[in-house]
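These are the residues of each chain, in order.
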There are 2 protein chains.
Amino acid sequence: MRRSDRIAIISKMLTENPNKVISLNYFSQLLDAAKSSISEDLDIIKDTFAVMGEGEIATISGASGGVRYRPKKTKDAIIKFLHELCKTLQDEKRIIPGGYLYMTDVIFSPEYSRIIGEIFSQLFIEYNPTHVLTVETKGIPIALMTARALNVPMVSARRDSRVTEGPSVSISYVSGSSQRIHNMSLAKRALPESAKVLIVDDFMKGGGTARGMMELAAEFKAEVIGTAMVITTAVPDKKLINDFVSLLILEGIDINENKVYIKVNDKLL
Amino acid sequence: MRRSDRIAIISKMLTENPNKVISLNYFSQLLDAAKSSISEDLDIIKDTFAVMGEGEIATISGASGGVRYRPKKTKDAIIKFLHELCKTLQDEKRIIPGGYLYMTDVIFSPEYSRIIGEIFSQLFIEYNPTHVLTVETKGIPIALMTARALNVPMVSARRDSRVTEGPSVSISYVSGSSQRIHNMSLAKRALPESAKVLIVDDFMKGGGTARGMMELAAEFKAEVIGTAMVITTAVPDKKLINDFVSLLILEGIDINENKVYIKVNDKLL
């Protein structure tokens, strides 16, 4: 195999396996090339990805060493993406009677969810999360794509508890906006003790659901290393949780004027 | 930029955007290279991917033409993956009191769901589905990854109907196994008329839920081009739907012997 052939395959495999350490031996055997050649291939990929803002390649030394790709966007690329996302969500056709914003198509979109997942992973990877935690239903696609970029499992709490998942832990929580009591449960086997959890959800208003997830994590003796939201409402200013990251801020929906006021969170980066 | 640099970037971008046609002009401008050079790069990537069983690169001619990558595994690679999946699921620790099999970790795994999604896309891409349809909750990760591989939107029916999604269409259906009546609803704006729908779910026993999704699709005047399941039970042999593909067959769980009988569907390929 020529160098350009090897680079095509290595580049594909690294892209497909974010944050996974792949040994040089693996590539060496797969591509029938000396490890020194693979090393040179990796140097080329590393430099090119860096120059083009296509992510970070790192070589890990030691017995379990190898090469690892991590998605990493430039600040400009992230801001540009978020402005486009705002523009998509500002469409007046998204306003739903009652003053809601229809955004299911966006958060369920394979492409948007992938990019948002990569941004979340970039923001929290240094805290070494071992699991991404969400609650059904709408947070699942973003949580899955975040877990994929981090190369960790995704776990989703349920709003009921199912007999098909074995023993589970349930908590009750008060929704911050509706003041109603809800339940949330997670199968005992879904999360080991001492997990380091990144909480991910699509939307936060009062913060009750997010606080519920924190309490659920505490029941599992897990450490919450961060909370990541796609959209947070500007009001109420005071949420039931203090520490979170939100990509966008929903300032309001004016039903009379048919206008959606949403902006990029300028404290994000 | 040298050829090997360009190949690293093109290979990454194609991998990240399955089934999306990207124009040669785009690469030409991004990489500051003549279209003829990009064409040669693509020939190299195409041949290497084909030789290594890493998917299919096709050049689409015409005004909206360009290059497109599709995941495509060899039959052997699919069978090998499915045998590994069986082995994972056969673990006696997965047996849950009541005779259920715990598999949430597998179907929520970013890696398993990606590979299963690619297999489903490979099996149905020739029917040109425009949407992947599932119902909350457990089918969502596999449906999302299938939609990602097909480059189409994923839509998920709900078991209730939410005021935050606007007008919706609801149907009632009888669960094949429990004989209970359930509801399923989908926001009117989630699926356009004349969509070509691929139904995806994780598990099928009686087929009631799958039939519910077919009826829901019919309410939207959508054509169902196929139904894809990860696991189907061997019993009942007669399901409420006729036409479906299942990767694995669950033959039974012996609680006394602590054994899970699950096999690769040998009629699959």
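Residues numbered from 1 in each chain as written. Chains lettered and ligands numbered in written order. Predicted model: local features only at pLDDT ≥ 70, side-chain atom pairs only at ≥ 80, totals over all residues. Heavy atoms only, no water.

Residues and elements named next belong to chain B. Pairing geometry for strand β1 (residues 56–60) and strand β2 (residues 66–70), over 5 bridges, is antiparallel. Residue I60 lies in a different strand from β2, and its bridge partner there is G66. With antiparallel pairing between neighbouring strands as the criterion, β1 and β2 make up a hairpin whose turn holds 5 residues, including G62 at a positive phi of roughly 105 degrees. (Pairing = 2+ DSSP bridges. Helix = DSSP H or I, 4+ residues; strand = E, 2+ residues; numbered from the N terminus.)

In this assembly, 60 residues from chain A lie in contact with 60 residues from chain B. Summing both partners gives a buried area of about 5,000 Å² for chain A against chain B, and 63% of it is carried by carbon and sulfur. Considering only the side of chain A, the residues that lose the most area to chain B are A:K12, A:L144 and A:R189, jointly responsible for 12% of the buried surface there. Remark: the boundary between chain A and chain B carries 8 salt bridges. (Contact = heavy atoms within 4.5 Å. Buried area = accessible area lost by both parts, 1.4 Å probe. Salt bridge = Lys/Arg side-chain N within 4 Å of Asp/Glu carboxyl O.)

Turning next to the UniProt feature "domain: Bacterial purine repressor N-terminal" (unreviewed entry) in chain A. Those places that UniProt annotates as "domain: Bacterial purine repressor N-terminal" (unreviewed entry) correspond, in this numbering, to residues 2–71 of chain A. Secondary structure across residues 2–71 of chain A comprises 56% helix and 14% strand; the distance between its end C-alpha atoms is 27 Å. (UniProt positions renumbered as here; feature names shortened; annotations may be inferred.)

Attention now goes to the relation of the copies chain A and chain B. Each copy of the sequence occupies a distinct position, and chain A is placed on chain B by a rotation of 180 degrees and an axial shift of 0.0 Å, giving an RMSD of 0.0 Å. With respect to symmetry, the two chain copies, as superposed, fit the operation of a two-fold axis. In this assembly the copies share their binding face: 100% of the residues contributing to the interface of chain A also contribute to that of chain B. (Least-squares fit on C-alpha atoms with pLDDT ≥ 70 in both.)

So, about the sheet that holds strand β9 (residues 196–204) of chain B. All names here are of chain B. Taken in spatial order, the 6 strands of this open sheet run β6-β5-β9-β10-β11-β12, and their pairing is mixed. Both edges of this open sheet fall to β6 (154–157) and β12 (259–264), since each of them pairs with a single strand only. In this sheet, neighbouring strand axes are inclined to one another by 25 degrees on average, regardless of whether the strands run parallel or antiparallel. Of the strand pairs in this sheet, strand β5 (residues 131–135) and β6 are connected by 4 bridges, and their pairing is parallel. What sits directly across from V135, in β6, is A157. (Axes fitted to C-alpha atoms, helices over the stretch in contact; angles between N-to-C directions.)

Turning to the packing of aromatic side chains, a few remarks are in order. Evaluation of the coordinates by the stated rule reveals 8 aromatic pairs over all chains. Ring geometry for B:F124 against B:Y127: centres 6.4 Å apart, planes inclined by 50 degrees, an arrangement best described as tilted. Exposure remark for B:F124: the relative accessible area of 6% places this residue in the buried category. Stacked on the ring of B:F49, the Lys or Arg A:K12 has its end atom at 5.6 Å from the ring centre. Above the ring of A:Y102, the side-chain terminus of B:R189 is found at 5.0 Å from the ring centroid. (Phe/Tyr/Trp six-rings, centres within 6.5 Å; stacked < 30°, edge-to-face > 60°. Buried < 20%, exposed > 50% of the residue type's maximum accessible area, 1.4 Å probe, protein only. Lys NZ or Arg CZ within 6 Å of the ring centre and 35° of its normal.)

Residues and elements named next belong to chain A. Along its sequence, chain A is organised into domain 1 (3–70) and domain 2 (75–264). Once you take the C-alpha centre of each, domain 1 and domain 2 turn out to be 33 Å apart. With 6 residues of domain 1 at the contact, the number on the domain 2 side is 5 residues. Between domain 1 and domain 2, a total of about 470 Å² is buried, with carbon and sulfur atoms accounting for 44% of that surface. Area buried by domain 1 at its contact with domain 2 is led by P18, N19 and R70, which between them contribute 74% of it. Run the count over domain 1 and domain 2 and you get 0 salt bridges. Applying the counting criterion to the domain 1 and domain 2 interface returns 3 residue pairs in polar contact (both at pLDDT 80 or more). (Domains from an automatic or database assignment. Polar contact = N/O pair within 3.5 Å; in protein donor to acceptor, adjacent residues only side chain to side chain.)

Turning our eyes to something else, we now look at the pattern of salt bridges. Under the counting rule described, the total for this entry stands at 38 salt bridges over all chains. A salt bridge links B:E136 to B:R158; its shortest N-O distance comes to 3.8 Å. With B:E136 in the loop between β5 and α7 (140–150) and B:R158 in the loop between β6 and β7 (168–174), the pair connects residues that are 22 residues apart, well separated along the chain. On the accessibility criterion, B:E136 (8% relative accessible area) is buried. B:R158 sits in the buried class, given a relative accessible area of 8%. Here the salt bridges share partners, and the residues they tie into one network are A:K12, A:E16, B:E54, B:K73, B:R114 and B:E118.

Next up on the list: the environment of B:F27. Residues and elements named next belong to chain B. Take F27: it is sitting in helix α2 (residues 24–30). What makes F27 buried here is its relative accessible area of 0%. Distance from F27 to I10, taken between C-alpha atoms, is 7.4 Å for residues 17 residues apart in sequence.

Glancing now at the sheet that holds strand β11 (residues 245–254) of chain A. Residues and elements named next belong to chain A. Taken in spatial order, the 6 strands make up an open sheet running β6-β5-β9-β10-β11-β12, and their pairing is mixed. Every other strand in the sheet has two partners, leaving β6 (154–157) and β12 (259–264) as the edge strands with one partner each. In this sheet, neighbouring strand axes are inclined to one another by 25 degrees on average, regardless of whether the strands run parallel or antiparallel. Its contacts with the sheet place helix α8 (residues 208–219) against β5 (131–135), β6, β9 (196–204) and β10 (223–233), and it is angled at close to 165 degrees to β9.

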